[in-house]
Amino acid sequence: MCPVVVPAGRGAGDMEAGKAARSSSSSSASFGPQRIRHGYMKCMSLVRTQSGNRIERMYYRLGLTVGRWPLLTCVLSLLMAAVCGSGLLQWRAGMSEVDLYMPRGSVVHEAARFVETNFREDVRYESVIVEADDVLEPSVLRAIAQLEDDIKATRVNDVGWEDICIRYTSWFQEASATGLPDNLTRADVQRVVTKGLRSSQSVLTDISSILAGMKTNAKGEVVSAKAIIFNWLLKESNLTAPTWEQEFLSRVLHSNRTKPKGVNVYAVATRSYNDMLAQVMDNNMTVLFAGFSLIILYVIFMLGRCNLIQQRIYLSLLGVSIVGLTILTSYGFCFYMGFFFGPVHPILPFLLLGIGVDDMFVICDCLDHVTRQHSNLDIPERIGRAVQTAGISITVTSFTDIVAFAIGITTKMPFLQSFCMFAATGVLFLFIFEVTFFVGCLTLDEYRSAGKREGCCFIKLKEWKPNAMSQKNYVYDAFSKYIAPTLMKTPVKVLVITTTLFLVAINTWCVLQIDQKFDPTWYLDEASYPIQFYKKLNEYFPKYGKRAGVYLTNISYYDDAPKMHLLSQQLRRNQYLNQDNIKIWYDDFDKWLKIRKHEVENEDDYKGYLSEYLIFSKDGQEYLKDLKFSSFPFGEYNITTTHLPIQYVMLNTTEQQLLAMSTVFDTLNSLNLTKGQHAVAYSPDYIPWYTNKIVGEELLRNLGLSILAVAVVTLLLIQEIQITFWVIICVIFTLADLVGSMYFFGLTIEISTSIMVLLCTGLTVDYAAHIGYEFSRMPGDGNERAMGALRHMGPAVFNGGFSTFLAFVLLGFSSSYIFTTFFKLFTSVVVFGCFHGLFFLPVMLSWLGPPNYEASVHQNNVDDQAVVLKDITIPNGHCVSNVDGVEVSLVTENSKPSADHHPLPQNGGSHGGGTHGEINPESEGMLQGQKKEQGKW
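Residues numbered from 1 in each chain as written. Predicted model: local features only at pLDDT ≥ 70, side-chain atom pairs only at ≥ 80, totals over all residues. Heavy atoms only, no water.

The name given to the chain in an unreviewed UniProt entry is NPC intracellular cholesterol transporter 1-like isoform X2, with the source organism recorded as Thrips palmi. The UniProt entry for the chain carries the following text under Sequence similarities (unreviewed entry): "Belongs to the patched family." (UniProt positions renumbered as here; feature names shortened; annotations may be inferred.)

S.K.: Go over the overall build of the chain with me, naming the residues and quoting the values.
M.R.: Summing up its helical and strand segments, the chain has 30 helices and 16 strands in all. Within the chain, the fraction of its 937 residues that count as buried is 54%. Of the contacts formed within the chain by residues at least 6 apart in sequence, a portion of 78% connects residues at least 24 apart. Counting every atom, the chain has about 41600 Å² of accessible surface; 59% of that belongs to carbon and sulfur. (Helix = DSSP H or I, 4+ residues; strand = E, 2+ residues; numbered from the N terminus. Buried < 20%, exposed > 50% of the residue type's maximum accessible area, 1.4 Å probe, protein only. Contact = heavy atoms within 4.5 Å. Areas by Shrake-Rupley, 256 points an atom, 1.4 Å probe, with all protein chains shown as cover.)

S.K.: Can you tell me about unusual backbone geometry, naming the residues and giving the values?
M.R.: A positive phi angle, near 55°, is found at Lys 452, a position not held by glycine. Here Lys 452 lies in the loop between α15 (414-450) and α16 (474-487).

S.K.: So, the pattern of salt bridges: which residues are in play, and what are the values?
M.R.: Opposite charge on two side chains permits pairing when their charged atoms draw close. Scanning all chains against the criterion turns up 25 salt bridges. A salt bridge links Lys 536 to Glu 539, with the shortest nitrogen-to-oxygen separation between them at 3.5 Å. One end of the pair, Lys 536, and the other, Glu 539, are both in helix α18 (residues 529-540), three residues apart, so they sit about a helical turn from each other. Judged by relative accessible area, which is 48%, Glu 539 ranks as partly exposed. Beyond isolated ion pairs, a larger network of salt bridges with shared partners links Arg 312, Asp 368, Arg 382, Asp 445, Glu 446 and Arg 448. (Salt bridge = Lys/Arg side-chain N within 4 Å of Asp/Glu carboxyl O.)

S.K.: Give me the lowdown on a nonpolar patch on the surface, citing residues and values where you can.
M.R.: Together, Trp 69, Leu 72, Leu 76, Leu 79 and Val 83 line one region of the surface with nonpolar side chains, adding up to about 520 Å² of accessible area. Structurally, Trp 69 is set in the loop between α2 (33-68) and α3 (70-85). Among the residues examined, Trp 69 registers a relative accessible area of 49% and is labelled partly exposed. (Patch = residues over 30% accessible without salt bridge, like charges linked within 9 Å, V, L, I, M, F, W, Y side chains within 5 Å.)

S.K.: I'd like a rundown of empty space enclosed by the protein, residues and numbers included.
M.R.: Summed over the entire model, instances satisfying the criterion amount to eight cavities of 30 Å³ or more. Of the pockets and cavities examined, the largest cavity occupies roughly 140 Å³. Lining the largest cavity are 13 residues, with Asp 365, His 369, Arg 372, Tyr 476 and His 792 sitting closest to its centre. With five residues, helix α13 (residues 348-373) is the largest single contributor of residues to the lining of the largest cavity. (1 Å grid on protein atoms, 1.4 Å probe; cavity = no way out; pocket = protein on both sides within 12 Å on 5 of 7 lines; lining within 4 Å. Points joined across faces, edges and corners; volume = space filled by probe spheres on them.)

S.K.: Account for the packing of aromatic side chains, naming residues and giving values.
M.R.: Counting across every chain of the model gives 44 aromatic pairs. On the basis of an interplanar angle of 75° and a centroid distance of 6.0 Å, the ring pair of Tyr 743 and Phe 744 is categorised as edge-to-face. Given the relative accessible area of 35%, Tyr 743 is considered partly exposed. Taken together, the ring pairs connect Trp 91, Tyr 331, Phe 335, Phe 341 and Phe 422 into an aromatic cluster. Cation over ring: Arg 372 sits above Tyr 476, and NZ or CZ is 5.2 Å from the ring centre. The positively charged end of Lys 628 is found above the aromatic ring belonging to Phe 119, 5.1 Å away from the centroid. (Phe/Tyr/Trp six-rings, centres within 6.5 Å; stacked < 30°, edge-to-face > 60°. Lys NZ or Arg CZ within 6 Å of the ring centre and 35° of its normal.)

S.K.: Tell me about the side chain of Arg 124, residues and numbers included.
M.R.: Its place among the elements puts Arg 124 in strand β2 (residues 123-131). For Arg 124, a relative accessible area of 8% translates into the label buried. At 3.4 Å, the side chain of Arg 124 and the side chain of Glu 236 are in polar contact. Setting aside chain neighbours within four positions, we find Arg 124 in contact with Trp 232, Leu 233, Leu 234, Glu 236, Ala 241, Pro 242, Glu 245, Thr 270 and Arg 271. (Polar contact = N/O pair within 3.5 Å; in protein donor to acceptor, adjacent residues only side chain to side chain.)

S.K.: Give me the lowdown on the state of the cysteines, citing residues and values where you can.
M.R.: Following the criterion strictly, the structure yields zero disulfides and no others. No disulfide involves Cys 364; its sulfur sits 9.4 Å from that of Cys 366, the nearest cysteine. Given the relative accessible area of 1%, Cys 364 is considered buried. (Disulfide = S-S within 2.5 Å.)

S.K.: Kindly report on α15, identifying the contributing residues and their values.
M.R.: One turn of the α-helix equals 3.6 residues, which is why residues spaced by three or four share an orientation. Taking 1.5 Å per residue as the helical rise, α15 with its 37 residues ought to reach 54 Å, and the 52 Å between its terminal C-alpha atoms agrees with that figure. Maximum bend of α15: about 40°, positioned at Phe 433. For α15, a buried count of 30 out of 37 residues is recorded, marking the element as mostly surrounded by other parts of the structure. (Expected span 1.5 Å × (residues − 1). Bend = angle between axes of the 7 residues up to and from the residue.)

S.K.: Tell me what's going on with the environment of Phe 629, and back it up with residues and numbers.
M.R.: Along the polypeptide, Phe 629 turns up in strand β12 (residues 627-629). Separated by 12 residues in sequence, Phe 629 and Thr 641 place their C-alpha atoms 7.1 Å apart. Excluding residues within four positions of it along the chain, Phe 629 makes contact with Leu 614, Leu 624, Tyr 637, Asn 638, Ile 639 and Thr 640.

S.K.: Give me the lowdown on the sheet that holds β12, citing residues and values where you can.
M.R.: Taken in spatial order, the four strands line up as β12-β13-β11-β14 in an open sheet, and their pairing is antiparallel. The sheet terminates laterally at β12 and β14 (678-682), the two strands that pair on one side only. Shown here is a sheet whose adjacent strand axes are inclined to one another by a mean of 15°, direction ignored. Looking at chain direction, β12 and strand β13 (residues 639-647) are connected through three bridges and run antiparallel. Residue pairing in the sheet places Lys 628 in a bridge with Thr 641 of β13. (Pairing = 2+ DSSP bridges. Axes fitted to C-alpha atoms, helices over the stretch in contact; angles between N-to-C directions.)

Here it is, written out as structure tokens:
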């Protein structure tokens, strides 16, 4: 027989006295605040115990199963990756920009489809700007003429200039460099230019639109000019056009021609932007993969110990390889589902690497903790307990990330919808591989370590002792000895809260100051030739903005003449359009009719004269490319589609671009066309303009829904309202600080920054959720629970955040806008996320966190009832348990109660100490979740 030892201060006399005292006051307090609080805590304890134990038992069984059959688990994981990865055979990419960015049914998407169906423009644009102190100098003009001769001599695949060029603007239509007179003087040039500007009959009539920086004397004569621009139009339908463009750029920009002093040449072609963007990506991919290597080295260094056996080199490499398995599986699955690969998808591996490394550290830290507490358990049992402890923690972070990205699938923007689908499935498969493949590899590594085989060549070491240095965990010691105790001091808490509120206040103000602005040229390197061209274009030719077109179908230009003239008048009055470049065929046709004094009495007369104008008039022939006919324009025919080319002035802000686009749309809507008639405006540049219009709306929508969804998932998994509240506060504060920092970095709301903010939403949860969940597991008062959470989970959170920072740290040295933006935003989310998760959250939970419901309920149960204690016979040893809310120590005749006995962990975890750890965790949960007969095990 053995006596039952009651906890100190809770003897039978004390309980009888307490019972008598409660009897006298039970009636008056039965419905008081204390009773309500006790009922609430009992309810929360019941919910957390039942659901928490059920989930933890599931993870324990999973870990135990993987621990017993690690090789089989790894093989099955690889098999799943192979099956899903076969979907890569259905790879879909290379979609048009309209289908990538424009929501279906939007005005720009419909206009693009209309133009594609009715009037596909067969034009590629090339431009050259020549800059000099005075481009009217005869030596400069000879250099320009030589340049044109060189371009005209270009041949690619036996296709020459005359085969591919539609039209070009030049001074030398009939002459060549050798054709310029040797005795040509500056005065001759000035006289010809001045005459051309004044005369409408000269071939130099349009010189004012291609010359810039002109200076005149008192007589109005041109004396000098700073720059001149030339434009070429190539046939898009010619398959050699892109290659010919490449040779064109090479001859213009990289030839060995001798140029006069002070002459600079700038050029751009249709292919230039995509070429330079691809070059930016290629140049920085090396830097990205160097960051990838930094993460691998950091994981190798931090995941194991610096000695022969406890090193985890291969485990680290296999853990990082999970990202490759995840990419293979998730990409294949998404292609099976019909989604496409977009331009922002290449950043997914780095996002998954950051999340995956975080989960690896959590699992390994939990295993190390279990090993320290229960080194006598076999490997499968320790693996089971580690997965039991880490399971819910990584479930919270993984599923909140999945939900955050799943919200993005509902967006209107196709490329963002596809990206979020890839990201959500990526995080899901990453989670699956972490708890199966990585845990299987971890089990095998534990067997290697237990067999005393060194970690590189697996040589068995008979006599081996770890060196003292390798047994030190500096990050763990920093959190345990310095950060956690210091953070719980009241002055430090006040400082942390004050700093947090100050940062949030400042950054919230900054959020309100951020502009919504975007220029596609930001994505190119500053030194690239398109950027240099556009700078000079903006400097010398500010009227040369983006080109667009108005497209009309099924219009009767005789019957609907008033509407058409109203359209031309409103276009000519539009302040956002370059009036020098508005040329409307039916206005010029009316002038031609008046000059020739033709009388038009009916539509047949109109069509007859129009045929004459278009076929036999040189001016009319220029418009043939802008018209589509039902048949050859002679006799019976109709004009099916008309293209009215327009050009915007230089627009520098998103607001100006949207206003300029909407004014043209409003003009077309005011025409009141009849059924069957259509008028649309379209330009490829409308795509980024309209995208920037809706990306801000989508960002706010997705952020709001993501935060709400994350709150629900966090509450369901952590099952603590107060902890969930503070975790979401940390997420909101981190996002506010992140977006506010964009103002200090000089960033704006645009496509790339919006995507990065959405990516960071998932990461912000990780830093806080781990600490919040660990706090809910800890025993003791607020300070003790906060310090325990920091000690056990702080190192893993720090390592995960620091590894994410390493992935992008080298991008800080890039000259590319998009990659430096990656660095700035991901550095900000790591800094602010770690600050709120590791400092602000523990402080707030220590003061305003929920009580330990299980401990409170057990204490109240002791106060509410007398416990009948019985003697229990136990063959040998001792054990500790909670019986009806009272901690009892059962001591046999062969043992005495030891001083290090502790109650079982509240949720069946591994954070308790003492010999009770040998009890199966599943049995521990059953003991907590069920009421046992008093005094019996």
